[in-house]
Amino acid sequence: MMNKKGRVFSGARPTGRQHLGNYLGAVKNYVALQDEFECVYCIVDLHALTTLETTENLRSNTYEMALDWLAAGLRPEETILFIQSHAPQVCELHTILSMITPLGKLTDLPTFKEKVRQNPNNVNYGLVGYPVLMAADILLYRASVVPVGVDQSPHLEFARELVRTFNYHFKTQALVEPATRFTEVPKVLGIDGQQKMGKSLNNHIELAATPEETQKRVLSMVTDPQRQRRTDAGNPDVCNVFSLHKIFSSADEVAMINAECRKAGIGCVDCKKRLAHDLNESLVPFRARRAEIDQNPDRVWEILHDGGRRARAIADETMRDVRAAIGLP
Ligand code: ADP
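Residues numbered from 1 in each chain as written. Predicted model: local features only at pLDDT ≥ 70, side-chain atom pairs only at ≥ 80, totals over all residues. Heavy atoms only, no water.

Draft legend 1. Focus on the packing of helix 10 (residues 211-219) against helix 13 (residues 268-294). Where helix 10 meets helix 13, the closest approach of the two axes is 9 Å, and the angle between their N-to-C directions is 145 degrees. For helix 10 against helix 13, the interelement crossing comes out right-handed. Between helix 10 and helix 13, the residues in contact are Pro-211, Thr-214, Gln-215, Val-218 and Leu-219 and Val-269, Lys-272, Lys-273, Leu-275, Ala-276, Leu-279, Asn-280 and Arg-287, respectively. Residues that form the contact of helix 10 with helix 13 fall into these classes: seven nonpolar, three polar and three charged. (Axes fitted to C-alpha atoms, helices over the stretch in contact; angles between N-to-C directions. Helix = DSSP H or I, 4+ residues; strand = E, 2+ residues; numbered from the N terminus. Left-handed = near helix turned anticlockwise from the far one by under 90°. Contact = heavy atoms within 4.5 Å. Nonpolar A, V, L, I, M, F, W, Y, C, P; charged D, E, K, R; others polar.)

Draft legend 2. Looking closely at the environment of Val-322. Examined against the element boundaries, Val-322 turns out to sit in helix 14 (residues 297-326). In this structure Val-322 comes out as buried when scored by relative accessible area, which is 0%. With near-sequence residues (within four places) excluded, Val-322 lies in contact with Leu-93, Ile-96, Phe-166, Ala-174 and Leu-175. (Buried < 20%, exposed > 50% of the residue type's maximum accessible area, 1.4 Å probe, protein only.)

Draft legend 3. Looking closely at the environment of Ala-12. One can find Ala-12 in strand 1 (residues 7-12). Between the C-alpha atom of Ala-12 and that of Gly-265, which follows or precedes it by 253 residues, the distance is 43 Å. With sequence-adjacent residues up to four places away left out, Ala-12 is seen in contact with Tyr-30, Cys-42, Ile-43, Val-44, Met-65 and Trp-69.

Draft legend 4. Highlighting the domain arrangement of the protein chain. Taken as a whole, the protein chain is organised into domain 1 (7-188 + 296-326) and domain 2 (199-291). Distance between the C-alpha centres of domain 1 and domain 2: 33 Å. On the side of domain 2, 13 residues touch domain 1, which itself brings 14 residues to the contact. Interface area for domain 1 against domain 2, summed over the two sides, is near 1300 Å², with a carbon-plus-sulfur share of 63%. (Domains from an automatic or database assignment. Buried area = accessible area lost by both parts, 1.4 Å probe.)

Draft legend 5. Geometry of the pattern of salt bridges. Per the counting criterion, the structure on display carries 25 salt bridges. Lys-105 is the partner of Glu-161 in a salt bridge, and the nearest nitrogen-oxygen pair spans 3.2 Å. In this pair, Glu-161 sits in helix 9 (residues 153-169) while Lys-105 sits in helix 5 (residues 103-107), placing the two residues 56 residues apart along the sequence. A relative accessible area of 29% places Glu-161 in the partly exposed class. Residues Arg-164 and Glu-157 are paired through a salt bridge, measuring 3.7 Å at the closest nitrogen-oxygen approach. Residue classification places Arg-164 among the partly exposed positions, given a relative accessible area of 37%. You can call Glu-157 partly exposed: its relative accessible area is 33%. One continuous salt-bridge network, built from bridges that share partners, spans Arg-17, Glu-64, Asp-68, Glu-206 and Arg-290. (Salt bridge = Lys/Arg side-chain N within 4 Å of Asp/Glu carboxyl O.)

So, in structure tokens, the structure goes:
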């Protein structure tokens, strides 16, 4: 740990089996960051409660997600992988931080407005405080670096402001201002070729799907909408199948498809079959590791519990300093 550059924190809601969007947009980066930083990755079950109608799948979603993250390459001996609610200190810090948070700042955030649009009938107190809870997580683990996409950057700026306010007000250095590390988050489109890949739209391809399921999903992908017939020339630049080829196929194959599609030398069905094949090939090691880890669910829970113990130890230290700075008796 000593030779690493600092501590990274990131969290994601327990959404269950991960899809290509989660992998390319987040998990791949989580894995890579381990080489440079001490990493703390959290499955934020409390955050999930702000929009959940039922908690029925919370446990299985947490397990499936942890399984995917581990199979993708998280190394639990060095990385802390844990469940947010297992370190309840975050709730205390959340309450404390909420006392120095102007309400208007929260209701002005674009992410809050978006959530209200999505769930007009469930604008709960927790939803307003979502960024305060997120800040509490980041600050509790004294993250020096937080990887974010542009859409999350207002939340991080908000966390940084809270640190300045808290430290100034209580004349302390108890909280550490995290640096933003902008990650190039690719927007992976779903099989509809139009909208961001996501579970709620059912336009996703799961990493852990069988090769047959994967092929079925890929064959249903929407390609260049202008290309109506096999004999029409296509435009790979607007085709989501081609964008995935660029990630999962060899340079030679990408060059071939790029050239042949434009002169109707290759049809969409053939192009999709090739993608399904390449995607399945790329996922062979991941799927094998996943199946192996899944043989022993107790081990996955033990990793999460062990992560929880390590997370609580850091959280205790921070809270000791925070309480002392405030002067809580
Ligand atoms: P959360 O609300 O915790 O961000 P999501 O399941 O929406 O949960 O996303 C988890 C992570 O995966 C986030 O970092 C998000 O940016 C990324 N992600 C999800 N879908 C996509 C996608 N289609 N393209 C790129 N990144 C995505």
